[in-house]
Amino acid sequence: DGAIDDKSVRQRFLKKAAKSLDGLDVLVHDLLSLSQIEAGEVQLHPEPIELDELITDIFDQFEGKAQKKSVSLALVENPDAIVRADIKLIYQAFVNLISNAIKYNVEGGKVKVHYKLRDKTIDVFIKDSGKGIPSEDIGRVFERFYRVEKSRNKIKDKGGTGLGLAIVKHILTRHKARLAITSSVGEGATFTTRYAQAALVKSVK
Ligand code: ATP
Ligand code: MG
């Protein structure tokens, strides 16, 4: 509408258009990975993965976002926490879970990751001190496009597509891992993922 000729608004309009395109790009990418995983088109390349290293990498990636909200990121390390998984997919799953733990946290909140190792399983807990998820929504957050507060869509920086957890669930299912949520409103949420112990992993290492 001629805005391109108006020097005073041109830059702002272009920035807005670029931002919308970034959003579409994320949406298309998420939809693609969801449908590929669902259709079984994604081949797994399982390998032993040290969770300490994986989580530390993801924390490094989100350091800036966490600092902006004064959210602290803590990992209780355990070098024996090793799973057999597809590195790309498991990385994507943890990125989703950790980004949620930061995004839905409160100013000055905490995110803590720890494990519980048993004979046959490894549990990974991602615990945040955010607003939590109302019990009536817990069963639905894995549905594609489901978001607890629809108004969250409009809040800057929180405009997710609601596909993150649907993708996480599919990735974990492909790994025969399980996912559980516990949460009470006002006290935060804990996402627990359970993997089979990577038997013989230590000898592979
Ligand atoms: P996307 O991950 O696609 O960018 P999203 O974060 O909105 O968008 P999901 O990750 O699927 O989508 O999460 C679905 C909804 O579950 C979120 O919109 C939010 O309402 C709720 N939710 C997810 N994780 C948490 C959490 N740790 N604390 C509170 N609410 C959460
Ligand atoms: Mg998300």
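Refer to the structure presented above.
First, a word on scope: everything that follows refers to the structure included in this document. (Residues numbered from 1 in each chain as written. Chains lettered and ligands numbered in written order. Predicted model: local features only at pLDDT ≥ 70, side-chain atom pairs only at ≥ 80, totals over all residues. Heavy atoms only, no water.)

1. What to know about the overall build of the protein
What counts here: For the purposes of this entry, the term helix denotes a DSSP run of H or I that reaches at least four residues, the term strand denotes a run of E that reaches at least two, and both are numbered from the N terminus. Only protein chains enter the accessibility calculation, which uses a 1.4 Å probe; a residue is then buried when its area is under 20% of its type maximum, exposed when over 50%, and partly exposed in between. In what follows, residue pairs with any heavy atoms lying within 4.5 Å of each other are defined as contacts.
Across its full length, the protein carries six helices and seven strands. Its helices and strands taken in sequence order, the protein reads α-β-α-β-β-α-β-β-α-α-β-β-α from the N to the C terminus. C-alpha extents for the protein along the principal axes are approximately 65 × 40 × 30 Å. Counting the 205 residues in the protein, one finds 40% classified as buried. Sequence separation of at least 24 residues holds for 73% of the intrachain contacts in the protein that already meet a minimum separation of 6.

2. Thoughts on helix H3 (residues 87-103)
The line we're drawing: Here the expected length of a helix is defined as 1.5 Å per residue gap, with one fewer gap than residues. We call two N or O atoms a polar contact when they sit within 3.5 Å, provided that within protein one can donate a hydrogen and the other can accept it, with sequence-adjacent residues counted only if both atoms are side-chain atoms.
The end-to-end C-alpha distance of H3 is 24 Å, a good match for the 24 Å that 17 residues give at a rise of 1.5 Å each. For H3, the buried fraction is high: 13 of the 17 residues fall into the buried class. Where H3 begins, the capping side chain belongs to Asp-86, and its oxygen is found 3.1 Å from the backbone nitrogen of Lys-88.

3. Looking at the sheet that holds strand S7 (residues 188-196)
What counts is decided by this rule: Two strands form a pair only when DSSP identifies at least two bridges running between them. Angles run from 0 to 180 degrees between N-to-C directions of axes, and those axes are lines fitted to C-alpha atoms, restricted for helices to the stretch in contact.
In space, the five strands of this open sheet follow the order S2-S4-S5-S7-S6, with mixed pairing throughout. The outermost strands of the open sheet, each flanked by one partner alone, are strand S2 (72-75) and strand S6 (178-184). When strand polarity is set aside, the average angle formed by the axes of neighbouring strands in this sheet is 15°. Bridge count between strand S5 (residues 121-128) and S7: seven bridges; the pairing is antiparallel. Bridge assignment links Thr-121 to a residue of S7, and that residue is Ala-196. Strands in contact with H3 are S2, strand S4 (110-117), S5 and S7; relative to S5, the strand with the most contacts, it is inclined by about 30°.

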